[in-house]
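Chains, contacts and geometry: an overview
Next come the chains, spelled out residue by residue.
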Amino acid sequence: MLYREAGDFKTSYRDDSQTFPLKLDRLGYYAALAVAFLVVPFVITDYWANSVLVPFLIYAIAALGLNILTGYAGQVSLGSGGFMAVGAYAAYKLATAFPEISILIHVLLAGGITAMVGVLFGLPSLRIKGFYLAVATLAAQFFLVWLFNKVPWFYNHSASGQITVPERSFLGWIITGPQTSASAKYLVCLCFAVLLAWVARNLTRGTMGRTWMAIRDMDIAAEIIGVNPLTAKMTAFAVSSFFIGVAGALLFTVYLGAAEASETFGINKSFLVLFMVIIGGLGSIFGSFAGAAFLVLLPVFLKNVLVGSLGWPTDLAAHLELMIVGALIVFFLIVEPHGLAQLWRVTKEKLRLWPFPH
Amino acid sequence: MMPQTQQAATGAEPYITPDGRKIGGVLMDLRNITLRFGGVTAIKDISFDIREGEIRAIIGPNGAGKSSMMNVMSGFYVPQEGEVWFRGERRPQMRPYKVARLGLARTFQNIALFDGMSVLDNIMTGRLTMVKSSLLEQALWWGRAEAEENRHREQVEKIIDFLEIQNIRKTPVGRLPYGLKKRVELARALAAEPKLLMLDEPMAGMNVEEKEDMSRFILDVNDEFGTTIALIEHDMGVVMDLSDRVVVMDYGRKIGDGTPDEVRNNQEVIDAYLGVAHD
Amino acid sequence: MDQLLYASEVVVNGLMTGVMYALVALGFVLIYKASGVFNYAQGVLALFAALTLIGIQQGQVPFAHLISAVTGMHLDSFGWTVPSLLAILLTALVMVGLAILIEALVLKHLVGQEPIILFMATIGLAYFLEGLGDLMWGASVKSLDVGLPQGLSETVETMTDSLFGYGFFIDRLDIWATVIAAVLVASLVAFSQYTKQGRAMRAVADDHQAALSVGISLRFIWVMVWSIAGFVALVAGIMWGTKSGVQFSLSLIALKALPVLMLGGFTSIPGAIVGGLIIGVGEKLFEFYIGPMVGGATENWFAYVLALLFLVFRPQGLFGERIIERV
């Protein structure tokens, strides 16, 4: 047996609280990173970048963000689409107003602006709970999208009402605009995804994560043991919105290049991200990636099978996709409310006991 | 009907108990507390104090208002009348999380643990009020964040040793049996290093062995850390053995207050427990 | 003076729209009361009902596209048409069947889960039903006509004209919708107050365990409630479908019913009605007075923001029970 969990002892609390406590897991993780950074950029094609890898990385960031809010802090949000729009439009305004500053900085700043908007719409969470709150976040979704459609300042009075990303480069590489190469798109998104996943992990394994989970599991008890619900919920909304804002900014600047609020950031985006979190696993970093991968790959897969191989019309495939996604959501909630991440843990546990499960 | 023993609110002299523990001045003083829910009066003009280092019990039949009293003490309910004094100062009306930061920790009658987290994480939440590192430091796991995490972990591990729950450290709380959950809840409250520890029916629903364990822990906590403890309990035997002084409540009023022996011989208390026709 | 008359016309129209919202919200309340499930799929149920009704009426072959894609056969229609009343009856049966399926495949397995999990399950259900509806009956925009009168009501116009010197424009369909909604609500209330099943339903709403212990079948009640909700969805689907065609956006009216519920409280039938009316009138008036200043289309968000602000000050809604927190 090459992979084993036993015998990997820790002698300090520092070692015990690291992200991958097992040496072999750690090695696997570094190997995956090495492949992602050193191999994939050289072999990536436009098709793989545009239909699989880049959307996967961007949605993984968004799913991480929503998972922090919903999975860790227990506040259900249906406003992710609206917050992604804030990120996209903020990045657009910043990039067109300050062209001399790197667009990568703008993406981060867009995240910061989204965080502020997120806190504003998160304030009601102090009074409203559960699905009342979920419905309340719809206000953010519809209001923000309406705002970006109706106020010409946000799209610089462009005739089409669309926003289009200007061409920008970083260290001589074009990273936005139509000329961007597949590997540049991929690498930009990969850097953000890895960095933000690391941040998410740091936050959730320590004090902040425990504060959020305490609020999620029993908010009244949390307050009585000394958690300030205001700061706990507002930091959750801020951090979550930051992630979602960055995802929205990347979606617009790096991936799509152009966007229109109600088309690109409609209510369906909110549900898509929510589904990724549910299918992947609430309260799991790995789950956010798994859920994003699953829901990015599923339509590609269905399209290849139904349209590509069987020759069905695309609209039929789209309807079937809706049904499958819907059924999967229900299925996961019934069979494994903790999603793919839990499925993975359970499998490991079973393998550990195999072949003598009792 | 006047309460039988009216404690002096302040100025009680420190003394040493027969078993050698030091009882100090007044830590918490509740003065003329009245609490109403709509038309129902849950607590009616109750006063008593809790002195440093003692184990103070609140007893009474079901619905006497004991848990409501504890909720007033922990700031979760705001009484309509009366004052709560803590460490010589009048405590203004404040949110429960601020009360916790003054040095109060408690356990709950219906266990209020965070079911989605491990035992270790649950106990670590007891130390949340002491964390100083900023969000940015935590996000980058840099600066104070890591050192602080390890320092708190060390303290928590001491409590884990003390309560003999090392082997379930990483188990999700939801999977634990009832008795152990109660113990984890005690650990979480202890982790906060409280000045006053409040236990709401720490032994409810336990079998004899579990009760004995829990009693031992309560005595040890009081003895070794010198923590002041206020507890609500149904089991009269346990209460009489553990506590230094007892408050007896019935129908929201205080009907007795004193040492276990005094209370045991109080006619009104006997009536309340054995039942006497009210006229 | 004219401004005031316009505004009152807006108010009247808002009331009519509000009735429609209330109709959808009613379905939510019924299910929520009886099973504690916040049924996001209610709007899609309305869409599905309307699609099915049209399909049956026009003798459409279900899954025609799928069949042609799989087998190559081109079936579009059975070649008959079904009278409206019979079609409505058949659709109601389909909705009952759907309720049984939902109970057996989804709800039964989620008993005792947290409300928010159930809520998310109904979002999944909504996606599924939407896909199913499209797959069965095709995704094109359809018009629905079951013989309800439509168009400008001349009676109202001449009457208001003679009274105020300005004829109100009110759709006859809206008047009918109001009447039908009133009848529906009255019969629902009567049903829950005076029949055995109704009492059982209220018992279940109060406490699942206690209801079980006195011998009420939870599963039967759930199927019944979802059937009723399906029927309410059918009525709502007919109204909205007749008014603005049957298409995906029909399911978005369900989203509009959510703020209605937040205003009215999830458990209150009068709340759903009053909430619907407030939102209907509120958004029309807001659009009338403020809309032109900010570029219009405020109806997209007004209801949500209103509900949000309202809830911040009164978290339990208009008629909801006061929340006492305990530890």
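Residues numbered from 1 in each chain as written. Chains lettered and ligands numbered in written order. Predicted model: local features only at pLDDT ≥ 70, side-chain atom pairs only at ≥ 80, totals over all residues.

With an unreviewed UniProt entry as reference, chain C is termed Amino acid/amide ABC transporter membrane protein 1, HAAT family, source organism Paracoccus alkenifer. In UniProt, chain C has this text filed under Subcellular location (unreviewed entry): "Cell membrane". You can read under Sequence similarities (unreviewed entry) in the UniProt record for chain C the words "Belongs to the binding-protein-dependent transport system permease family. LivHM subfamily." (UniProt positions renumbered as here; feature names shortened; annotations may be inferred.)

**Regarding the overall build of chain B**
A count of helical and extended segments in chain B gives 10 helices and 12 strands. For chain B, the C-alpha radius of gyration of 19 Å lies close to 19 Å, the compact-globule estimate for 279 residues. Taken across its 279 residues, chain B has 44% of its residues classed as buried. Across chain B, the fraction of contacts at a sequence separation of at least 24, relative to all contacts at a separation of at least 6, is 67%. (Helix = DSSP H or I, 4+ residues; strand = E, 2+ residues; numbered from the N terminus. Rg over C-alpha atoms; globule rule 2.2 N^0.38 Å. Buried ≥ 20, exposed ≤ 12 C-beta atoms within 10 Å, placed from the backbone. Contact = placed C-beta atoms within 7 Å.)

**Considerations on the packing of helix H2 (residues 42-57) of chain C against helix H11 (residues 249-264) of chain C**
Geometrically, a packed helix pair is captured by the angle between its two axes and the distance between the axes. All names here are of chain C. At their nearest, the axes of H2 and H11 sit 7 Å apart, and the two run at 150° to each other. Looking at the two axes, H2 sits roughly antiparallel to H11. Here H2 runs over H11; the crossing is right-handed. On H11, the residues touching Gln42, Gly43, Val44, Ala46, Leu47 and Ala50 of H2 are Leu250, Ser251, Leu252, Ile253, Ala254, Leu255 and Ala257. Taken together, the residues of the contact of H2 with H11 sort by class into 10 nonpolar, three polar and no charged. (Axes fitted to C-alpha atoms, helices over the stretch in contact; angles between N-to-C directions. Parallel < 35°, antiparallel > 145°, perpendicular 65-115°, else oblique. Left-handed = near helix turned anticlockwise from the far one by under 90°. Nonpolar A, V, L, I, M, F, W, Y, C, P; charged D, E, K, R; others polar.)

**Regarding the domain arrangement of chain B**
A common way to express how large an interface is: the accessible area buried when the components associate. All names here are of chain B. Segmentation of chain B into domains returns domain 1 (14-103 + 194-279) and domain 2 (118-192). Distance between the C-alpha centres of domain 1 and domain 2: 27 Å. Contacts between the two partners involve 11 residues from domain 1, matched on the other side by nine residues from domain 2. Elements with a minimum of two residues in the side of domain 1 that touches domain 2: helix H2 (96-101) and helix H7 (208-225). The class makeup of the residues in the side of domain 1 that touches domain 2 is eight nonpolar, one polar and two charged. (Domains from an automatic or database assignment.)

**Some details on the sheet that holds strand E4 (residues 40-51) of chain B**
Residue and element names in this part refer to chain B. Judged by pairing direction, the sheet is antiparallel, and its four strands sit side by side in the order E4-E3-E6-E7 without closing on themselves. What marks the edges here is a single partner per strand, and that holds for E4 and strand E7 (89-90). With two bridges connecting them, strand E6 (residues 81-86) and E7 associate as antiparallel partners. When the bridges of E7 are listed, Phe86 appears paired with Glu89. (Pairing = 2+ DSSP bridges.)

**A few points about the environment of Gly339 of chain A**
Residue and element names in this part refer to chain A. Structurally, Gly339 can be placed in helix H15 (residues 339-353). Given 27 C-beta atoms within 10 Å, Gly339 falls into the buried group. Sequence separation between Gly339 and Arg168 is 171 residues, and the spatial gap between their C-alpha atoms is 39 Å. If we skip the residues at most four places from it in the chain, Gly339 touches Ile278, Ile279, Gly280, Gly281, Leu282, Gly287, Gly291 and Phe332.

**Some points on the sheet that holds strand E9 (residues 196-200) of chain B**
As a general point, the strands of a sheet are linked pairwise by backbone hydrogen bonds and lie either parallel or antiparallel. Residue and element names in this part refer to chain B. In spatial order, the strands read E8-E9-E10-E5-E11-E12; together these six strands make up an open sheet with mixed pairing. The open sheet has two edge strands with one neighbour each: strand E8 (104-106) and strand E12 (253-258). Averaged over all adjacent pairs, the angle separating strand axes in this sheet is 15°, with direction ignored. Across four bridges, the pairing between strand E5 (residues 55-59) and strand E10 (residues 228-232) is parallel. Across the sheet, Arg56 pairs through a bridge with Ala230, a residue of E10.

**Side note on the interface of chain A and chain B**
Each partner contributes to the interface: chain A provides 25 residues, whereas chain B provides 34 residues. Take the side of chain A that touches chain B: its biggest share by element is eight residues, from helix H8 (residues 207-217) of chain A. Looking at side-chain class alone, the side of chain A that touches chain B contains 11 nonpolar, nine polar and five charged residues.

**Some details on the packing of helix H4 (residues 80-97) of chain A against helix H5 (residues 103-122) of chain A**
All names here are of chain A. Remark: H4 packs on H5, axes separated minimally by 8 Å, with the N-to-C direction vectors making an angle of 135°. Accordingly, the angle class assigned to the pair H4 and H5 is oblique. Where H4 crosses over H5, the two elements pack in a sense that is right-handed. Contacts between H4 and H5 pair Phe83, Val86, Gly87, Ala90, Ala91, Leu94 and Ala95 from the former with Ile103, His106, Val107, Leu109, Ala110, Gly111, Ile113, Thr114, Val117 and Gly118 from the latter. Along the lines of polarity and charge, the residues of the contact of H4 with H5 split into 12 nonpolar, five polar and no charged.

**A look at the UniProt feature "transmembrane region" (unreviewed entry) in chain C**
Residue and element names in this part refer to chain C. Following the UniProt record, the feature "transmembrane region" (unreviewed entry) maps to residues 12-32, 44-65, 85-107, 116-139, 175-195, 216-240, 260-281 and 288-313 here. In this annotation, residues 44-65 is assigned 73% helix and 0% strand; the end-to-end C-alpha distance for the span is 21 Å. Helix makes up 95% of residues 175-195 and strand makes up 0%, while its end C-alpha atoms are separated by 30 Å.

**Some words on the nonpolar core**
Of all hydrophobic cores here, the largest spans 299 residues; its most connected members are Ile61 and Ile329 of chain A. When residues are assigned to domains, this core turns out to be shared by domain 1 (14-103 + 194-279) and domain 2 (118-192) of chain B, each giving three or more. In contact with Ile329 of chain A, not counting residues within four places along its chain, are Phe275, Ile278 and Ile279 of chain A together with Met120, Ala121, Ile123, Gly124 and Tyr127 of chain C. (Core = buried A, V, L, I, M, F, W, Y, C linked by C-beta atoms within 7 Å.)

**Points about the interface of chain C and chain A**
If you look at the interface, chain C gives 42 residues, while chain A gives 37 residues. For the side of chain C that touches chain A, the elements supplying multiple residues, two or more each, are helix H3 (64-71), helix H5 (115-137), H11 and helix H14 (302-313) of chain C. No other element matches the 17 residues that H5 of chain C contributes to the side of chain C that touches chain A. Across the side of chain C that touches chain A, the residue classes break down as 33 nonpolar, six polar and three charged.

**Focus: the environment of Arg144 of chain B**
Residue placement: Arg144 of chain B occurs in helix H5 (residues 144-162). For the pair Arg144 of chain B and Ser133 of chain B, spaced 11 residues apart in sequence, the C-alpha to C-alpha distance is 5.5 Å.

**Here we look at the pairing of E5 of chain B**
Residue and element names in this part refer to chain B. Buried residues dominate E5, accounting for five of its five residues. Residues Ile55, Ala57 and Ile59 line one face of E5 and the alternating positions Arg56 and Ile58 line the opposite face, and both faces are buried. Where E5 meets strand E11 (residues 245-250), four bridges bridge the pair, whose relative direction is parallel. Counterpart to Ala57 in the pairing with E11 is Val246.

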